[in-house]
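What the coordinates show
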Amino acid sequence: LACARPSAILVLGGLKDRSEMETVHGQVILGLMVLQDVVAVVSLLILSSFDPAKADGPGFGVQIGIMMGKFAATLLILALLSKYVLSAWFKMFAVSGEMLFIGTIGYALGISGLAGLAH
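Residues numbered from 1 in each chain as written. Predicted model: local features only at pLDDT ≥ 70, side-chain atom pairs only at ≥ 80, totals over all residues. Heavy atoms only, no water.

Our next topic: the overall build of the protein. In terms of helices and strands, the protein carries four helices and zero strands. Moving toward the C terminus, one meets the helices and strands of the protein in the order α-α-α-α. Within the protein, buried positions represent 13% of all 119 residues. Look at the contacts in the protein between residues 6 or more apart in sequence, and 40% of them connect residues 24 or more apart. Counting every atom, the protein has about 8,500 Å² of accessible surface; 75% of that belongs to carbon and sulfur. (Helix = DSSP H or I, 4+ residues; strand = E, 2+ residues; numbered from the N terminus. Buried < 20%, exposed > 50% of the residue type's maximum accessible area, 1.4 Å probe, protein only. Contact = heavy atoms within 4.5 Å. Areas by Shrake-Rupley, 256 points an atom, 1.4 Å probe, with all protein chains shown as cover.)

Following this line, the structure appears as structure tokens:
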């Protein structure tokens, strides 16, 4: 799991350098990289439920269900933000490179805070 992100970055960087992102095999590889990241997140969710300190809490299946529900709710919130808020927000920040950078950092920190609240 620890190698999933760096390998995706290297593969996508190689595709971009060779201008193969728009080809059929480039799109297939991009889809597989996204799928790999989703599987890594779900695997980390499942592994975190094996915490021995929570042995007296709800059962394993209940913990997985709660985690998947939180994950689905977070994805729903992100999809709604992306559809209705982010395009206008990033158009406003696209005036200069610095403002776009600050807006992107703010968005990343906001998503991080949302994930912290979900945990």
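In the predicted model, the protein carries a mean pLDDT of 79, and the fraction of residues at 70 or more is 84%. The secondary structure element of the protein with the lowest average pLDDT is helix α1 (residues 4-17), at 74, and the one with the highest is helix α4 (residues 97-118), at 84. (pLDDT = per-residue confidence, 0-100.)

A positive phi angle is found at S19, which is not glycine, with a value near 55°. Here S19 lies in the loop between α1 and α2 (24-48). By relative accessible area, S19 is classed as exposed at 62%.

The next point concerns the packing of aromatic side chains. Two numbers describe a pair of aromatic rings. These are the distance of the centres and the angle of the planes. Tallying each qualifying case throughout the model produces three aromatic pairs. Centroid distance F90 to Y107: 6.1 Å. Interplanar angle 80°. Geometry classified as edge-to-face. Here the residue F90 occupies a position in helix α3 (residues 60-93), and Y107 occupies one in helix α4, the gap between them amounting to 17 residues. Under the relative-accessibility criterion, F90 is labelled partly exposed at 22%. Among the residues examined, Y107 registers a relative accessible area of 26% and is labelled partly exposed. Ring pairing ties together the aromatic residues W89, F90, F93 and Y107, which thus form one cluster. (Phe/Tyr/Trp six-rings, centres within 6.5 Å; stacked < 30°, edge-to-face > 60°.)

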